[in-house]
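What follows is the residue order along each chain.
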Amino acid sequence: MTEMPRPGDNSPGFFVAPGRCFRMIYSPQLQSTHCYEPTAWRGRWTDAKGRVHRVWTCDGHTDGLMGVRRVP
Ligand SMILES: [Zn+2]
């Protein structure tokens, strides 16, 4: 049996758009949804296929990013 995700956990998807956190997280209903935290950082994210994306992220989601820089 696989472990159930909890609300706020990272879900498998991600999403790249200027000024939006790239992470997808689980909502309280355990639906995959966008992270709506304000963005504070930019960095490079390598996806599961090895492609590198330049992404925006909030304070809580910088794990796994390379070249993280604070944005004004
Ligand atoms: Zn986030």
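What comes next concerns the included structure.

Once that is clear, we can look at the sheet that holds strand β3 (residues 32-34). Spatially, β1-β2-β3 is the arrangement adopted by the 3 strands of the open sheet, whose pairing is antiparallel. Two strands lie at the open edges of the sheet, namely β1 (10-14) and β3, each paired on one side alone. Each adjacent strand pair in this sheet contributes to an overall mean axis angle of 40 degrees, direction not counted. The pairing of β1 with strand β2 (residues 23-26) spans 2 bridges and is antiparallel. Bridge assignment links Asn 10 to a residue of β2, and that residue is Ile 25.

Turning to the pattern of salt bridges, a few remarks are in order. Taken as a whole and judged by the stated rule, the model has 3 salt bridges. With a closest N to O distance of 3.6 Å, Asp 59 and Arg 70 form a salt bridge. On the criterion of sequence distance, the pair formed by Asp 59 in the loop between β5 (52-58) and β6 (66-70) and Arg 70 in strand β6 is long-range, its members being 11 residues apart. Considered together, Asp 59 and Arg 70 belong to a single accessibility category, that of exposed residues.

Thresholds, definitions, all that
Residues numbered from 1 in each chain as written. Predicted model: local features only at pLDDT ≥ 70, side-chain atom pairs only at ≥ 80, totals over all residues. Heavy atoms only, no water. Pairing = 2+ DSSP bridges. Helix = DSSP H or I, 4+ residues; strand = E, 2+ residues; numbered from the N terminus. Axes fitted to C-alpha atoms, helices over the stretch in contact; angles between N-to-C directions. Salt bridge = Lys/Arg side-chain N within 4 Å of Asp/Glu carboxyl O. Buried < 20%, exposed > 50% of the residue type's maximum accessible area, 1.4 Å probe, protein only.

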